[in-house]
Amino acid sequence: MADISHPDAPAREDTAMPPTSRRFRLLPAAWADSDLWFSFRSHPSAVFAACLLALIALTALFAPLIAPQNPYDLAALELWNAELPPLWAESGQWPYLLGTDTQGRDILSAILYGSRVSLVIGLASVVAALAVGLTLGLVAGYFGGWVDNIIMRAGDVLLSMPFILIAILISAMATAALPAGLKGLLALPILVIAIAVPSWVQYARTVRASAMVERRREYVQAARLIRVKPWRIMLHHILPNTLTPVMVAATLNFGLAILSEATLSFLGVGMPPDQPSLGTLIRVGNQYLFSGLWWIVVFPSVQLCLIVLCVNMIGDWLRDALNPKLR
Amino acid sequence: MLAFLIKRTANAALVMLAVALLAFLIFRFFGDPVEMMVNEQATQADRAELRERLGLNDGFATQYLRFVAHAAQGDFGISYRNQQDVMTLIGERFPATFELVLVATVISLVLGIPLGVITAVYRRSKLADALQIGSIVGVSLPSFVTGILLILAFSVSLGWLPAFGRGETVDIGWWSTGLLTPSGRAALVLPALSLSTFQVTLVMRLVRAEMLETLRTDYVKFARARGVPAARIHWRHALRNCLMPVITLTGMQIGNLIAFALVTETVFQWPGMGLLFIQAVTFVDIPVMAAYLMLVSFIFVLLNTCVDITYAWVDPRLRDDTAKAGGGNG
Amino acid sequence: MTPKNLALASALALATMLGGAAAQAENVLKWGANRDIGSLDPYSYGDSFTINVLNHVYEGLVRYNRELKIEPALATSWEILEDGVTWRFHLREGVTFHNGNPFTADDVLASLARVSDPASPLKGNLPAYVSAEVVDPLTIDITLNGTYPLLLNDLTNIHIFDKEWLVEHGAEKPTDIGAGVEGYATYNANGTGPFMVESRQPDAKTVFVKNPGWWDTPQHNIDRIEFTPVTSAATRVAALLSGEIDFTNDAPVQDLPRLEAAPGVNVLEGVDLRTVMIGFPFRETLASGAPNPFSDIRAREALYDAIDLELIHARVMRGKSRVAGATVAPQIPGYAPELDSVPAYDPEKARALLAEAGVPEGLEFQFNCVSDGLVNEEQFCQAIAAMWARIGLKPQLDVAPRAVQTPKRTNGQTDIYTLGWATLPMLDAYSPLLQIFHTKEGNAGVFNWGGWSFPELDALIDAAGSELDTEKRLAMETEALAIVKREFIMLPLHQQPMAWATTDAVKQMPLFPDNKPRLWYAQM
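Quick look at the structure, then. Numbers given for residues are sequential positions, taken from 1 along each chain in its written order. Lettering of chains starts at A and numbering of ligands starts at 1, both following the order in which they are written. Under the rules for a predicted model, residues below a pLDDT of 70 receive no local features and side-chain atom pairs below 80 are neither given nor counted, while totals for whole chains, interfaces and linings still include all residues. Hydrogens are left out, water is left out, and the side-chain values use all remaining heavy atoms of the structure.

## Comments concerning a nonpolar patch on the surface
Residue and element names in this part refer to chain B. In this analysis, a patch consists of residues with relative accessible area above 30% that form no salt bridge, clustered at 9 Å for like charges and at 5 Å for the nonpolar side chains Val, Leu, Ile, Met, Phe, Trp and Tyr. Every accessible area reported is derived by Shrake-Rupley at a probe size of 1.4 Å, with residue values counting cover from the shown protein chains alone. Basic side-chain nitrogens of Lys or Arg form a salt bridge, by our definition, when they fall within 4 Å of a carboxyl oxygen of Asp or Glu. A grouping of M1, L2, L5, I6, W313 and V314 is seen on the molecular surface, where their side chains present a nonpolar patch of about 640 Å² in accessible area. Counting from the N terminus, the helices are the DSSP runs of H or I reaching at least four residues and the strands are the DSSP runs of E reaching at least two. Inspection of the secondary structure assignment puts V314 in helix α12 (residues 286–314). To sort residues, take the accessible area from a 1.4 Å probe on protein chains only and compare it with the maximum for the residue type: under 20% means buried, over 50% means exposed, and anything in between is partly exposed. In this structure V314 comes out as exposed when scored by relative accessible area, which is 58%.

## Here we look at the nonpolar core
Residues grouped as a nonpolar core are buried Ala, Val, Leu, Ile, Met, Phe, Trp, Tyr and Cys residues, joined through side-chain atoms within 4.5 Å. Ranked by internal contacts, the top residues of the largest apolar core, which has 326 residues, are C:F89 and C:W388. Considering every element that reaches this core, the biggest residue donor is helix α11 (residues 230–267) of chain A, with 17 residues. Taken domain by domain, this core gets at least three of its residues from each of domain 1 (11–72) and domain 2 (88–272) of chain B. Residues B:I113, B:F198, B:L206 and B:A223 belong to the second largest nonpolar core, which totals 21 residues. Residue ranges for the domains originate in an automatic or database domain assignment.

## Looking at the sheet that holds strand β6 (residues 129–136) of chain C
All names here are of chain C. An order of β4-β5-β7-β6 is seen for the four strands of this open sheet, with the pairing classed as antiparallel. In this open sheet, the two edge strands, each paired with only one partner strand, are β4 (75–80) and β6. In this sheet, adjacent strand axes meet at a mean angle of 20° when their direction is disregarded. In the sheet, strand β5 (residues 86–91) pairs with strand β7 (residues 139–144) via five bridges, with the strands oriented antiparallel. Along β7, the bridge assignment pairs F89 with I140. Contacting β5, β6 and β7, helix α3 (residues 105–115) runs over the sheet at an angle of about 165° to β6. Any two strands between which DSSP finds at least two bridges are classified as paired. Working convention: axes come from line fits to C-alpha atoms, limited for helices to the stretch in contact. Angles between N-to-C directions cover 0 to 180 degrees. We call two residues in contact when some of their heavy atoms are within 4.5 Å.

## Regarding the state of the cysteines
Any two cysteine sulfur atoms within 2.5 Å of one another count as a disulfide. For the structure on display, the rule yields one disulfide over all chains. Note that C:C369 is cross-linked by a disulfide to C:C381, the S-S spacing being 1.9 Å. Sign of the S-S torsion, about -95° for the bond between C:C369 and C:C381, identifies this disulfide as left-handed. You can see C:C369 sitting in strand β14 (residues 364–370) and its partner C:C381 sitting in helix α12 (residues 377–389), a full 12 residues away along the chain. Here the two residues C:C369 and C:C381 agree in accessibility, since each one is buried. A disulfide-free cysteine, A:C51 has its sulfur positioned 9.6 Å from the sulfur of A:C310, the nearest such atom.

## Here we look at helix α12 (residues 278–286) of chain A
The element α12(A) is extensively covered by neighbouring structure, given that nine of its nine residues are classed as buried. For α12(A), the full list of buried residues reads A:L278, A:G279, A:T280, A:L281, A:I282, A:R283, A:V284, A:G285 and A:N286. Buried positions along α12(A) lie against α5 (107–143), α11 and α13 (294–322) of chain A, α7 (143–157) of chain B together with α7 (233–241) and α12 of chain C.

## Some words on a positive patch on the surface
Residue and element names in this part refer to chain B. A surface patch of positive charge is lined by R123, R124, R216, K221 and R224. Mapped onto the elements, R216 comes out in the loop between α8 (182–215) and α9 (218–225). Of the residues examined, R216 reaches a relative accessible area of 38% and is grouped as partly exposed. The charge count includes Lys and Arg as positive and Asp and Glu as negative, but it does not include His or the ends of the chains. By convention, the charge on Lys lies at NZ, on Arg at CZ, on Asp at CG and on Glu at CD.

## Comments concerning the environment of C:V130
Residues and elements named next belong to chain C. Inspection of the secondary structure puts V130 in strand β6. Counting along the chain gives 13 residues from V130 to T143, while the straight-line C-alpha distance between them is 5.6 Å. Setting aside anything within four residues of it in sequence, one finds V130 in contact with T143, L144 and N145.

## Digging into the packing of aromatic side chains
Two rings belonging to Phe, Tyr or Trp (six-membered ring only in the last case) form a pair when the distance between their centres is within 6.5 Å. Interplanar angles under 30 degrees mark stacking, angles over 60 mark edge-to-face geometry, and anything in between is tilted. Applying the stated rule across the entire model yields 35 aromatic pairs over all chains. Plain terms: the ring middles of A:F266 and B:F144 are 4.2 Å apart, the flat faces sit at 10° to each other, and that makes the pair stacked. Of the two residues, A:F266 sits in helix α11 while B:F144 sits in helix α7, which places them in two different chains. Taking the relative accessible area as the measure of exposure, B:F144 reaches 0% and is therefore buried. Three or more aromatic residues link up through ring pairs in this structure, and these residues are C:W31, C:F49, C:F227, C:F247 and C:W500. Note on criteria: charge over ring means Lys NZ or Arg CZ within 6 Å of the ring centre, with the direction from the centre no more than 35 degrees off the ring normal. Here the basic side chain of C:R114 rests over the ring of C:F161, its NZ or CZ set 4.6 Å away from the ring centre. Here C:R518 stacks its cationic end above the ring of C:F512, 4.5 Å away from the centre of that ring.

## A few points about the pattern of salt bridges
One pass over the full model with this rule turns up 31 salt bridges over all chains. Between A:E83 and C:R318 there is a salt bridge, with its nearest N and O atoms 2.6 Å apart. One end of the pair, A:E83, is in the loop between α4 (63–66) and α5; the other, C:R318, is in the loop between α10 (309–316) and β13 (322–323), on a second chain. A:R205 serves as the salt-bridge partner of A:D156, at 2.6 Å between the closest nitrogen and oxygen. Pair noted here: A:D156 is in helix α6 (residues 145–159) and A:R205 is in helix α9 (residues 200–214), with a separation of 49 residues, a long-range link. Comparing A:D156 with A:R205, the two get one shared label, buried. Three or more residues are tied together by salt bridges with common partners; here these are C:E198, C:K205, C:R224 and C:E226.

Here it is in structure tokens:
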């Protein structure tokens, strides 16, 4: 049951996998001759995915330098240039390589900036969920008792509602409640929270399970006796042992977070049209699907699928590489 | 066992209470139903009066208690938008979503299991590699993109299948089914395919993983050594071993599919609960939103509790609470 | 398990081939609307679209004809009595409701009581009504609160119920959402109109069938209307192209070329009576708390000069709209061509005016638009925001569904907003003057969201509201509209396009400028 996951329910937690003694080695030298690096090099699909993802991430990161236009700058949009097809089509115009949307926004620039939004939301929500999940999981597992009870019951409640539903509700509620002035500024953090809230539980459960095992081990008991601070024990001994399954889950969840953001934006409860993410671009473009303006919806869709595909390929490889059973 | 049962049930009830609080909290601060209900020409006094009659001016605790008391009896009030009893409304929509989810589940098993076996048995072949890549692509395609593509191909370009709605339905008691008419079945094909894309890959990957493990077990090796035909080993003995996890997964995923159906239903204008919910979000139809959230959570909790209880029944070790914490409550 | 799956799979495959094979001899019109009606009760919900659709089932005492002139319907004639405030209506003989009950003055009385009930969301549609009295079974007197010229216009939209039926099902009062009970009339209908309701599933399908006993000579040949809401514009287009629907009253403007080019699809387009406008706040401060520069007329004028109306017309509205300088459409009584002049696009002048008015560079304000509102609203709002950005302002575009935006607009939690006004069902300039431009007090100025007050304007509107001489009244209304224009209270953009589309199955489908489908004039 270890290798399944779903966009709207964190996978069944990964207890079938015993905590391995292998850890992520962070030093470049150690990394270079590790098993992991070897495995990576021998998987061309993983290498390809990593390169493509790096390219997408770099172009997104440096979008302001690369993009022909700043799609957020309303004053730069020229309605006369609206609905131009891609450059290779008959009436395409330089510099609108992939054409323009109905506002005269350059699609390529919108995709670069949109990928940035999608990647940032995906990354930030995974980091936030990790931070909250690991902390709460450690605390719950280490201290047990009522602390554990409260944290895990709260997790139960979250897991008893479908992921996508929680995200829709948080996002829609926040957008409705906020004054318009703040809405644009806070749209991104809101989405990060909306996606992170239902996903921390998975990490917390994984870490808690291993914390509960570790705290009974003799070395922890010994460390306690000599009054080593609890957070030191947690951080230095318990956490590293759980990192492997957590990293695999986090990678796969990164892809899911991007998909979730796109879904929310597609349903109209995500990023607003003046700061489009890839999902927003697809939602807006979908209205023109039958009008012959296919480029408005097709290119962002392709980019979105590419990003998620790359992340999933890397996640898949990572899971197989770290799963001793499949070696 | 009885103690475990009681404990599990009580736990589920507590979770539902918390869901109710959360639902209530969210809805209390979300939009303004009064604006949706009054005439454009209503005066401020009219609005204030309606607000009073709806009980929107009462204290927080009063409103919550009223909500829970009514919800426990299945009474979520009257939909602001349709002016119909909410449970009746959801009851009318439930068959549409259920049939969609059912057919999607069937498709996922019919396609997922054979594909999983093939990728496991011929794991070094080109076909398996292609299928593996296909499965990653399947997971990476957002379901709304799949839906749009299916509509473009099969409805607009080829004109084979309808792009929206349920087609002709037949009423059997209170249940309206689209499975008995040609147009109802035709209308079901694209949404069910779109909803099942993800589930197919999920089943396929699970079957593959379980098969790989089973194929390494001693009894399969013995069977091979004894000269049992490979097909018989793979499709009967080994596959039978993987079915339990597949059934568990399928059962637990039903709740997820019901929730995720709201995207599919939006794309295909499928008149199910999900579409009702999305429309309720747009219209700030609070009673419908509350009822939907509670109902879907209830289905979720019910399925999870059943799975837990079944597992505990099969494996007594899991009745101990500490062990359960690591067990299957996903 | 497997054989069953196989059976189902082959059933699915079979369904693929058999889909849509059923043929019917009668004329069935499959109507794909952009949204569902709210209820079967025309009084339950102050919503024009619901009332328009239900007009196929229910009728009023008078109605608009093909030329949008008022003509007798359930009443055959009327006169104003000597006191000047009581109107006597003579009712049509021999009309029956769908359930066979005869139509009498008691039915009118019960309907008027129901629509004017304090809990009725439609009571604002009959603002002058005080009471009614049955004179004899086919005569009824309606008393108003003063001389009022537009009673007939109001009555076109007040549908008549059967009293016996209402009493029998306990539905004499309008559906009261606050009471938390379902209303019988929400799911059941019994009118006098050309069609009867056969079945209804909210959001899925409502079926109307021809009323064989209709009092009027049918000009349609439809036996059955299957009304299905298809909210997604793209899906609606796909459904029309594949013949799943025969008619839609909302074909997306951007898809018209494709629909026109498609074989077997006909597009009917025209310009709606609905004028799209932009409104200003007149309060002390903006929603952000900053001082409000828009109470200065120069700032309002500057924002108008900065909008390239022709460009929006050409690009966003795809040349289908009518650029407007007046706040009412040309067909509306009270309109005057000299008020319809459009300012030239002049960003330089706009900048100068802003500087003169002391508006700071980079001023931030909210621009409130509705995502499920006017035609291409999200797009023209984005375009206008971009044009204002070009004269150095920082509009913060706020687009959300109507349910979310309306409270902000009525409570003054936003700054600049959009509004579309078609003057329906009154079809007179008095409608926007009273409801939008009048100072907010009582029944007046309900849509005066900016909080302005022009005493000179109010006086004219009030005088027009009790003037029975049509010519004099319209002159006053025109004068009032001139003040609106001079003061830049609201900025008219365009009359929005309307587009219907039918398949070849529909032979005749008259399009009306009020955008109201009247299928009792349709031929298949």
